[in-house]
Amino acid sequence: MIVVGYCKYVPVETPLIPMPKAQIAIDSFGDESADREFLAKTAEVSGHNL
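What follows concerns the overall build of the protein chain. Of regular secondary structure, the protein chain possesses one helix and zero strands. Counting only residues that meet the buried cut, the protein chain has 4% of its 50 residues in that class. Accessible surface computed for the protein chain: about 5500 Å², of which carbon and sulfur atoms make up 61%.

Next comes the structure, spelled out in structure tokens:
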């Protein structure tokens, strides 16, 4: 038995929209001090003060 198959490429045409910056909840850290430490490290890396 010989089987022949093919695929047809049909690109999706949608506009590329930048994703918003992710927001991290305090609950994911367990306590507020860990959240503040994360925000401080993030600010150092990005060069912004929070």
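Okay, back to it.
The next thing to look at is the pattern of salt bridges. In a structure, side chains of opposite charge can pair up when their charged atoms sit close to one another. Scanning all chains against the criterion turns up one salt bridge. Between E37 and K41 there is a salt bridge, and its shortest N-O distance comes to 3.4 Å. Separated by four residues within a single helix, E37 and K41 lie in helix α1 (residues 32–46), roughly one turn from each other.

Below, the discussion takes up the environment of I24. Along the chain, I24 falls in the segment before α1. Residue contacts for I24: discarding those within four places in its chain leaves F29 and F38.

Rules behind the numbers
- Residues numbered from 1 in each chain as written.
- Predicted model: local features only at pLDDT ≥ 70, side-chain atom pairs only at ≥ 80, totals over all residues.
- Heavy atoms only, no water.
- Helix = DSSP H or I, 4+ residues; strand = E, 2+ residues; numbered from the N terminus.
- Buried < 20%, exposed > 50% of the residue type's maximum accessible area, 1.4 Å probe, protein only.
- Areas by Shrake-Rupley, 256 points an atom, 1.4 Å probe, with all protein chains shown as cover.
- Salt bridge = Lys/Arg side-chain N within 4 Å of Asp/Glu carboxyl O.
- Contact = heavy atoms within 4.5 Å.

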